[in-house]
Amino acid sequence: MSRPEALVHSGGDVLAAAVAARLITAITDAQAARGSASVVLTGGRTGIGVLEQVRLSPALGAVDWSAVDVFWGDERFLPDGDGERNETQARQALLDHVGVDPARVRPMAPSDGEFGSDADAAAAHYAELLAGLAPEGAAVPRFDVLMLGVGEEGHTASLFPGTPYVREESRTVVGVHDCPKPPPTRISLTLPAIGAASEVWLMTTGKAKAEPVASALAGAKPVDIPAAGAVGRDRTLWLLDTDAAAQLG
Ligand SMILES: O=C1O[C@H](COP(=O)(O)O)[C@@H](O)[C@H](O)[C@H]1O
């Protein structure tokens, strides 16, 4: 388990470009070491902004996109192609523009897919998919980089404060119900699944995030500030703009 480090950038645009450069480097390093890389995407303004910056980067071509395994940390349980789905936004921002292998892109199920409106069944299926790709003895694949956003109330992925989902200790993926932020039904990796990643990057911008960021970095309980419980095995980076970092001591 790593100790969280905060890196502060001057503004949201700089942050997105800097994280994009960091992501390209992490992917190329993993590919040089092992031939492929495994990345977990997030939704939200900052997460999608980073993917747009990757697309616009002059270093885009340094990555062998056909050898990148793509997963999601959470999904809004909506029909396929809905503009609010994290998958749809990630495809538009980046994935539709690079040569990813469709078989290696693994979105969480939509609400009009094979599990219909059963988010719990869709979550259980994603957990099985992850387990099937995991090294022996592990429940999820080796994620090189797992990116997350942070909500105003401290949620990360779709784990909201005070819910049973943030306390989950055995399942790796859960159907999430009655979310305070729309849409109310979601699918999310749990904290144990997030904690299996080599690097966890929490990315956020804006004054509204200053309080949860400061609480998390001051050691808040995950049940109160779920983002505080997102910790990578080798590295945990909080990638912030000056507004989001404003209350750090
Ligand atoms: O709904 C979600 O929101 C969070 C944070 O989004 P932001 O726009 O405030 O940065 C995001 O991390 C999560 O993936 C998404 O489903």
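As the structure is a computational prediction, the values presented were derived from the model and not from experiment. (Residues numbered from 1 in each chain as written. Predicted model: local features only at pLDDT ≥ 70, side-chain atom pairs only at ≥ 80, totals over all residues. Heavy atoms only, no water.)

Would you mind showing me how to read the sheet that holds strand β7 (residues 186-189) here?
Neighbouring strands of a sheet are bound in pairs by backbone hydrogen bonds; such pairs are parallel or else antiparallel. One open sheet accounts for three strands, arranged β4-β7-β6; its pairing is antiparallel. The open sheet is flanked by β4 (74-76) and β6 (173-176), the only strands paired with a single partner. On average, each strand axis in the sheet is tilted by 15 degrees relative to the strand beside it, whichever way the strands run. Two strands pair when backbone bridges link them, and β4 and β7 are joined in this way by three bridges, in the antiparallel orientation. Across the sheet, Glu75 pairs through a bridge with Ile187, a residue of β7. Packed on one face of the sheet, helix α4 (residues 119-132) meets β6 and β7 and runs near 165 degrees to β6. (Pairing = 2+ DSSP bridges. Helix = DSSP H or I, 4+ residues; strand = E, 2+ residues; numbered from the N terminus. Axes fitted to C-alpha atoms, helices over the stretch in contact; angles between N-to-C directions. Contact = heavy atoms within 4.5 Å.)

Sorry, what's going on with the site of the ligand here?
The environment of the ligand is made up of 14 residues, and the closest members are Arg45, Asp74, Arg76, Lys181 and Lys209. Within the backbone of Arg45, a nitrogen or oxygen atom sits 2.9 Å from an oxygen atom of the ligand. A distance of 3.2 Å is found between an oxygen atom of the ligand and a backbone nitrogen or oxygen belonging to Gly149. Considering the ligand on its own, with 400 Å² of exposed area, one finds that the protein chains cover 95% of that surface. The site holding the ligand turns out to be the largest pocket. For the shell around the ligand, the secondary-structure elements that each account for two or more residues are α2 (44-56) and β4. (Near = heavy atom within 4 Å. Polar contact = N/O pair within 3.5 Å; in protein donor to acceptor, adjacent residues only side chain to side chain. Areas by Shrake-Rupley, 256 points an atom, 1.4 Å probe, with all protein chains shown as cover. 1 Å grid on protein atoms, 1.4 Å probe; cavity = no way out; pocket = protein on both sides within 12 Å on 5 of 7 lines; lining within 4 Å. Sits in = over half its atoms within 2 Å of the grid points.)

Teacher, can you tell me more about the sheet that holds strand β2 (residues 37-41) here?
The six strands lie next to each other as β1-β9-β8-β5-β2-β3, forming an open sheet whose pairing is parallel. Since the sheet does not close on itself, it has two edges, and those belong to β1 (4-9) and β3 (68-72), each with one partner. Ignoring strand direction, the axes of neighbouring strands in this sheet form an average angle of 20 degrees. When β2 meets strand β5 (residues 145-148), the two strands line up parallel, connected through two bridges. In the sheet register, Val40 faces β5, and the bridge partner there is Leu146. Contacts from helix α1 (residues 12-34) reach β1, β2, β3, β5, β8 (199-204) and β9 (235-241), with the element oriented near 155 degrees to β9.

Would you explain the packing of α1 against α2 in this entry?
Packed helices, taken two at a time, are described by the angle between their axes plus the distance between the axes. Here α1 crosses α2 at 65 degrees, and the two axes come no closer than 8 Å. The two elements α1 and α2 cross, and the hand of that crossing is right-handed. Where α1 abuts α2, its residues Leu15, Ala16, Ala17, Val19, Ala20, Leu23 and Ile24 lie against Thr46, Gly49, Val50, Gln53 and Val54. For the contact of α1 with α2, the class distribution of residues is nine nonpolar, three polar and no charged. (Left-handed = near helix turned anticlockwise from the far one by under 90°. Nonpolar A, V, L, I, M, F, W, Y, C, P; charged D, E, K, R; others polar.)

Would you explain the pairing of β5 in this entry?
Burial along β5 is two-sided: Val145 and Met147 facing one way and Leu146 and Leu148 facing the other are all buried. Two strands pair when backbone bridges link them, and β5 and β8 are joined in this way by four bridges, in the parallel orientation. Residue pairing across strands places Leu146 opposite Val200, the latter belonging to β8. (Buried < 20%, exposed > 50% of the residue type's maximum accessible area, 1.4 Å probe, protein only.)

Whenever I open this one, the pairing of β9 confuses me. Can you help?
The two faces of a sheet get side chains in turn, since along a regular strand they alternate between them. Most of β9 is tucked away, with six of its seven residues classed as buried. The pairing of β1 with β9 spans six bridges and is classified as parallel. For Ala6, the partnering residue across the bridge sits in β9 and is Trp238. With six bridges joining them, β8 and β9 adopt parallel strand pairing. Bridge pairing in β9 places Trp201 opposite Leu237.

Would you take a moment to explain the nonpolar core for this structure?
Counting residues in each nonpolar core, the largest one holds 79 residues, and the members touching the most others are Trp65, Leu189, Ile194 and Trp201. Here this core gets nine residues from one element, more than from any other, and that element is α1. (Core = buried A, V, L, I, M, F, W, Y, C linked by side-chain atoms within 4.5 Å.)

Any chance you could explain the packing of α2 against helix α3 (residues 86-93) here in plain terms?
It is at 8 Å that the axes of α2 and α3 come closest, and there the two elements cross at 25 degrees. The pairing of α2 with α3 is recorded here as roughly parallel in orientation. In terms of crossing hand, the pair formed by α2 and α3 is right-handed. Contact residues: α2 offers Gly44, Ile48, Leu51, Glu52 and Arg55, while α3 offers Asn86, Gln89, Ala90, Gln92 and Ala93. In terms of residue class, the contact of α2 with α3 is built from four nonpolar, four polar and two charged. (Parallel < 35°, antiparallel > 145°, perpendicular 65-115°, else oblique.)

Limitation: the analysis is restricted to geometry and does not speak to function.
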